[in-house]
Amino acid sequence: MKISGKDVAYVADLANLDLTAQERERMLRDLNSILDYIDRLNELDTTSVSPMAQTLLPAVEAMREDELQPCLPREDALKNAPASDGEFFRVPKVIEK
């Protein structure tokens with residue numbers, strides 16, 4: 001599967017990215033390179049390899065036990081906010097078209 005310039009433009013538009021022609025060419029080249037590598041990986045015979053759910057082995061030593069901790073009080077969290085309504089953070093609207 002190959003990515004076309006139209007695909008790059010479509011995804012850039014979805015992500016609200018304003019790419020230059022040079023950036024679009026580089027993105028096209030990079031994405032196609034990634035897909036080519038995935039195709040190469042798909043050629044490997046993995047029938048004798050068991051699936052892994054966790055790459056950190058042994059997982060017991062790598063993971064800590066969950067501990068219940070008190071939350072940061074709302075008032076303290078809102079002190080750091082550039083804008084709030086006293087109860088929630090106020091943020092600018094970011095979904096526009």
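See above for the structure.
Residues numbered from 1 in each chain as written. Predicted model: local features only at pLDDT ≥ 70, side-chain atom pairs only at ≥ 80, totals over all residues. Heavy atoms only, no water.

**Some points on the overall build of the protein**
Then, in step 1: Each helix and strand in the protein was counted, giving 4 helices and 0 strands.
Then, in step 2: Tracing the protein from N to C terminus, the helices and strands come up as α-α-α-α.
Then, in step 3: The proportion of buried residues among the 97 residues of the protein is 8%.
Then, in step 4: Taking as baseline every contact in the protein between residues at least 6 positions apart, the subset at least 24 positions apart corresponds to 36%.
Then, in step 5: Accessible area for the protein stands at about 9,600 Å²; split by element, carbon and sulfur atoms hold 56% of it. (Helix = DSSP H or I, 4+ residues; strand = E, 2+ residues; numbered from the N terminus. Buried < 20%, exposed > 50% of the residue type's maximum accessible area, 1.4 Å probe, protein only. Contact = heavy atoms within 4.5 Å. Areas by Shrake-Rupley, 256 points an atom, 1.4 Å probe, with all protein chains shown as cover.)

**Quick word on the pattern of salt bridges**
Then, in step 1: For the structure on display, the rule yields 4 salt bridges.
Then, in step 2: For the salt bridge of Asp36 with Lys2, the shortest nitrogen-to-oxygen distance reads 3.0 Å. Residue Asp36 is located in helix 2 (residues 21–42), and its partner Lys2 is located in the segment before helix 1 (5–14); the two are separated by 34 residues in the primary sequence.
Then, in step 3: Taking relative accessible area as the criterion, Asp36 reaches 33% and is therefore assigned partly exposed.
Then, in step 4: Judged by relative accessible area, which is 55%, Lys2 ranks as exposed.
Then, in step 5: Arg74 is the partner of Glu87 in a salt bridge, and the nearest nitrogen-oxygen pair spans 3.7 Å. (Salt bridge = Lys/Arg side-chain N within 4 Å of Asp/Glu carboxyl O.)

**Re a nonpolar patch on the surface**
Then, in step 1: Taken together, the side chains of Met27, Leu31, Ile34 and Ile38 present a nonpolar region at the surface, about 310 Å² in accessible area.
Then, in step 2: Tracing the sequence through the fold places Leu31 in helix 2. (Patch = residues over 30% accessible without salt bridge, like charges linked within 9 Å, V, L, I, M, F, W, Y side chains within 5 Å.)

**Notes on the environment of Ser84**
Then, in step 1: Within the secondary structure layout, Ser84 lies in the segment after helix 4 (74–79).
Then, in step 2: The class for Ser84 is partly exposed, based on a relative accessible area of 33%.
Then, in step 3: Once residues within four sequence positions are removed from consideration, Ser84 is found in contact with Leu78, Phe89 and Arg90.
Then, in step 4: Looking at Ser84, its side chain comes within polar contact range of the main-chain nitrogen of Gly86, at 3.4 Å. (Polar contact = N/O pair within 3.5 Å; in protein donor to acceptor, adjacent residues only side chain to side chain.)

**Describing the environment of Ala77**
Then, in step 1: You can see Ala77 is positioned in helix 4.
Then, in step 2: Along the backbone, Ala77 and Phe89 are 12 residues apart, and their C-alpha atoms lie at a distance of 9.1 Å.

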